[in-house]
Amino acid sequence: MSQFKYGTVQLALLRTLLFRIDTETDPSGSDRKWNRYEVKVRGILTSILPEPVVPPADEFTSPSQKQPPKQPLSDMPLELPDSGDSAAFMAKVKHMMMTPRLPLIYQVGDTKLLEVSNPPDAAFGPEPLSCEVRQVNAGGTWLVEWGGIVRLVDCDNNPLSQSPIVSLRWSQNEIFDENWYSRLVTSGKLIVRTDLFKVSADFLRPLTVPNVLNDYVRTESSYTLNPNGSELDFRFVDQEKNLMPPIRATKASGRFTIVCPKPGVNRVGQVDIRLEGPKGTSRNALMVIAMRIAFAKLEAEKFFGATRMIWGTFREELWECVVEVSMQAMLREVKPKEDLDMMRSGGITPGCDPGRPGLSPPVRARILALLTAAFRDPCNPKGVDLLSNGKDAPTSAVTMNGGPVVSLVVADTKPDTGEPSIKDEAPYESYLIDTTYAYDAGYAQLPGTGVGPKGGESCFVRRHGGLATMTVSWSASRIGFPPVLPKFASPNSNFQHMHMSLEIGGSEFAADAQNPTYKAAGTYHYGVKNPILVSAAAPIPPFLTDAAAPASKDTAGYFSDDIIWKFQGQGPCPWNEQLTVGQKPNDNVAKSLGANLPGGPIPTSDIQSGDGPTPPPPVA
């Protein structure tokens, strides 16, 4: 049979109010991330197991009502509050139904349409939207409506054959400057599903890092993790270089200068080099590399004489991995015929060759530690990390919710209100009964003659001793079993059944084609033999017990003159300005008219008040 279970709250005899499927894609619209299910269901949460019982036979019982199919509601226990407090019970249901990320099962017949057995779902849900809890009757039947959103990836149910990545898309922009150097900007987004990958998307950061081309230096690497840890935005900037920095250095700059006063005079060469290394680089190693490059450059120009004459300036930053070397040397003279050989090592940078592999910062998941508090469940005092694969990772609604678990499902128990007068264990969606009493006092109003000072006054004559009728309108809707219909013929000899109308609605089946909903409505008209014996009372639906009878009789059993007549008859008449306050009406015309009617003259008190004879107190 159909069932819906969220957390530990289970609904049976289910009716689907909304089942909407939408597709959510990545920002580019290229990848379908998951299906978004918006669900709204209504079901019965009851303490009575709906074992179908044949109602008493009457003129409206059909053969199908006498042999209903047995549909057990559930085999799970229901734990009602010990105090019997309905408000406390509703509060517990509301708390469970509105707590996010609880296990969910939505089954129609034998088919499970939605299941989240180990929350969260693909997008950190399920996400409750609304919950309505109403007590249907005093016998312990509750009607619950729940609406929420579930996001699932509909593919092979084997987690080992699925990928936690639902989208990895990027865009790339290439810019050339005036010297034809290229600048590559790569940006994109990685999206993971949280039902398979219960850790931060930052763990998959290496998948978002593109390779660096030869002769390129990655000048910027940017990662942005969204608040729930399921999306990682990235951006990389790569700059093309003519020559790559030497090994251990990430950035290099320098120049080579030769000073030659005139031909035949020794030249003076000067090399200025500045090297920067990444965090943790030895400045001593950078200094050695810089000096070797400077020496090699000067040596390519040939030193003067057999003794090398080298001098210079050497500098390092104390708080950064930066060194600077300025080295000078006396170079061999240039003969007049060798003017074009003034700088023989032009175009040579020792230790740096074209086509070197590109440089890129290391890939490190550094944001994860900042997300620990963000993934805590506020309802869990232990603070279990919902996006953690550790030993404390939640595996059920108990660990995620924290505290005691309230089991709110259906059981085979009996109500504590006593044995009902009518066996009625299948739940009603609604049972509405309205009773209308009508009483005609028997008076007729005669208009004034229009002649004389009181020609506008009416008088009243009695045509009969009084007439009362009663009309009962009812409608019923019941799940899994036809409703019990009220009998038309009255067992009370003071009420005579006269005419009626009966409307039987078509049976509506739920999606599982097992639990029909029966609807019926009717209107009964009765005549009252003796109006003074009528005691206005409210009808009792079939699922209420005899304990409700006293309350029914007290519903409309008291009358007071203050409600209508306390202020009536006071003040000037709105349609006759000549009548002054306190002026008494002249009843001579009424008396003269009434003297000729059967039964004699009408009492003056009846004319002034407009009431009929005062009936005796109602009889229960």
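Residues numbered from 1 in each chain as written. Predicted model: local features only at pLDDT ≥ 70, side-chain atom pairs only at ≥ 80, totals over all residues. Heavy atoms only, no water.

Peer 1: Just checking my understanding: could you explain the overall build of the protein chain for this structure?
Peer 2: When you go through the protein chain residue by residue, the secondary structure sums to seven helices and 22 strands. Burial analysis of the protein chain (620 residues in total) assigns 39% to the buried set. Residue pairs at least 24 apart in sequence account for 69% of intrachain contacts in the protein chain once pairs closer than 6 positions are excluded. Surface summary for the protein chain: the accessible area is close to 35,100 Å², and the carbon and sulfur share equals 54%. (Helix = DSSP H or I, 4+ residues; strand = E, 2+ residues; numbered from the N terminus. Buried < 20%, exposed > 50% of the residue type's maximum accessible area, 1.4 Å probe, protein only. Contact = heavy atoms within 4.5 Å. Areas by Shrake-Rupley, 256 points an atom, 1.4 Å probe, with all protein chains shown as cover.)

Peer 1: Quick question: what am I supposed to make of helix α3 (residues 283-299) here?
Peer 2: Since the α-helix turns once every 3.6 residues, residues separated by three or four places project in the same direction. A rise of 1.5 Å per residue sets the reference length of α3, with its 17 residues, at 24 Å; its end C-alpha atoms lie 24 Å apart and thus fit the reference within 8%. Its side-chain oxygen placed 3.4 Å from the backbone nitrogen of N284, S282 serves as the N-cap of α3. (Expected span 1.5 Å × (residues − 1). Polar contact = N/O pair within 3.5 Å; in protein donor to acceptor, adjacent residues only side chain to side chain.)

Peer 1: Can you walk me through the sheet that holds strand β10 (residues 216-225) in this structure?
Peer 2: What holds strands together in a sheet is hydrogen bonding between their backbones, with the strands either parallel or antiparallel. Taken together, four strands build an open sheet; the order of strands is β8-β9-β11-β10 and the sheet is antiparallel. Two strands in the sheet have a free side with no partner beyond their single neighbour: β8 (165-176) and β10. With direction set aside, neighbouring strand axes in the sheet form an average angle of 15°. As paired elements, β8 and strand β9 (residues 182-192) share 11 bridges and run antiparallel to each other. Paired with L168 across the two strands is L190, which belongs to β9. (Pairing = 2+ DSSP bridges. Axes fitted to C-alpha atoms, helices over the stretch in contact; angles between N-to-C directions.)

Peer 1: Hey, could you run me through the sheet that holds strand β14 (residues 310-316) in this one?
Peer 2: Read from one edge of the open sheet, four strands run β12-β13-β15-β14, paired in antiparallel fashion. Every interior strand has two partners, whereas the edge strands, β12 (251-259) and β14, have only one. With strand direction ignored, the average angle separating the axes of adjacent strands in the sheet is 10°. The sheet contact formed by β14 and strand β15 (residues 322-331) spans seven bridges and is antiparallel. Looking at β15, one finds that I310 is bridged to A329. Across the sheet, α3 touches β12, β13 (267-276), β14 and β15, and the angle it forms with β15 is around 25°.

Peer 1: In this structure, what is going on with the confidence of the model for the protein chain? I would like to understand it.
Peer 2: Residues shown with low pLDDT carry predicted positions that ought not to be read at fine detail. When pLDDT is averaged along the protein chain, the result is 74, and 67% of the positions lie at 70 or above. Taken element by element, the predicted model of the protein chain shows its lowest mean pLDDT in helix α4 (residues 397-401) (29) and its highest in strand β11 (residues 231-240) (94). Across residues 47-83, where pLDDT falls below 50, the model places 91 contacts with residues more than four positions away in sequence or in other chains. When the criterion is pLDDT under 50, residues 381-423 qualifies, and its contacts beyond four places in sequence or with other chains add up to 108 contacts. (pLDDT = per-residue confidence, 0-100.)

Peer 1: Just to check I follow, could you spell out unusual backbone geometry for this structure?
Peer 2: Cis geometry is adopted by the peptide bond preceding P120, which originates at P119 and carries an omega value of 5°. Here the bond from G125 into P126 is cis, since omega is 5°, no more than 30 degrees from zero. Along the chain, P126 falls in the loop between β5 (111-116) and β6 (127-135). Within the chain, R101 stands out as a residue other than glycine whose phi angle is a positive 60°. Counting through the fold element by element, R101 comes out in the loop between α2 (86-97) and β4 (104-108). Phi at F124 takes a positive value of approximately 65°, unusual for a residue other than glycine. Mapped onto the elements of the fold, F124 is located in the loop between β5 and β6.

Peer 1: Would you take a moment to explain the side chain of D195 for this structure?
Peer 2: Mapped onto the fold, D195 is located in the loop between β9 and β10. You can call D195 buried: its relative accessible area is 19%. A polar side-chain atom of D195 sits 2.8 Å from a polar atom in the side chain of R193. In contact with D195, not counting residues within four places along its chain, are P120, D121 and A122.

Peer 1: Can you walk me through the pattern of salt bridges in this structure?
Peer 2: Between side chains of opposite charge, a pair can form as their charged atoms come close. Evaluated as defined, the whole model comprises 21 salt bridges. One salt bridge connects D31 with R169, and the closest N-O pair in it is separated by 2.9 Å. Residue D31 is located in the loop between β2 (9-25) and β3 (32-46), and its partner R169 is located in strand β8; the two are separated by 138 residues in the primary sequence. The exposure class assigned to D31 is buried, which follows from its relative accessible area of 15%. Each member of the salt-bridge network shares a partner with another, and the members are R20, D22, E24, R36, E38, E127 and R151. (Salt bridge = Lys/Arg side-chain N within 4 Å of Asp/Glu carboxyl O.)

Peer 1: I'm lost on the environment of A285 in this one. Help?
Peer 2: With respect to the helices, strands and loops of the structure, A285 is situated in helix α3. Considering only alpha carbons, one finds A285 and R248, 37 residues apart in sequence, at a separation of 8.2 Å.

Peer 1: Teacher, can you tell me more about the nonpolar core here?
Peer 2: In summary, soluble globular proteins display a tendency toward joint burial of nonpolar side chains. F4, L11, M97, L104, Y106 and L114 are the most contacted members of the largest nonpolar core, which totals 25 residues. Residues contacting L11, with those up to four places away along its chain left out, are Q3, F4, V41, G43, I44, L45 and V144. L275, I289, V325 and L331 belong to the second largest nonpolar core, which has 20 residues in total. (Core = buried A, V, L, I, M, F, W, Y, C linked by side-chain atoms within 4.5 Å.)

Peer 1: Just to check I follow, could you spell out a nonpolar patch on the surface for this structure?
Peer 2: Among the surface-exposed residues, F19, I21 and L113 lie close enough to one another that they form a single nonpolar patch of about 240 Å² accessible area. Mapped onto the elements, L113 comes out in strand β5. A residue is classified by how much of its surface remains accessible, and L113, at 38% relative accessible area, is partly exposed. (Patch = residues over 30% accessible without salt bridge, like charges linked within 9 Å, V, L, I, M, F, W, Y side chains within 5 Å.)

Peer 1: I'm lost on the packing of aromatic side chains in this one. Help?
Peer 2: Each pair of aromatic rings is reported with the distance of its centres and the angle of its planes. By the definition in use, this model includes 12 aromatic pairs. With 5.6 Å between their ring centres and 35° between their planes, F19 and Y106 make a pair best called tilted. Remark: Y106 occurs in strand β4 and F19 occurs in strand β2; sequence separation between them is 87 residues. Overall, F19 belongs to the partly exposed group, its relative accessible area being 31%. According to the relative accessible area criterion, Y106 is buried, its value standing at 2%. Site record: aromatic cluster; members linked through ring pairs are F4, Y6, F19, Y37, Y106 and W146. (Phe/Tyr/Trp six-rings, centres within 6.5 Å; stacked < 30°, edge-to-face > 60°.)

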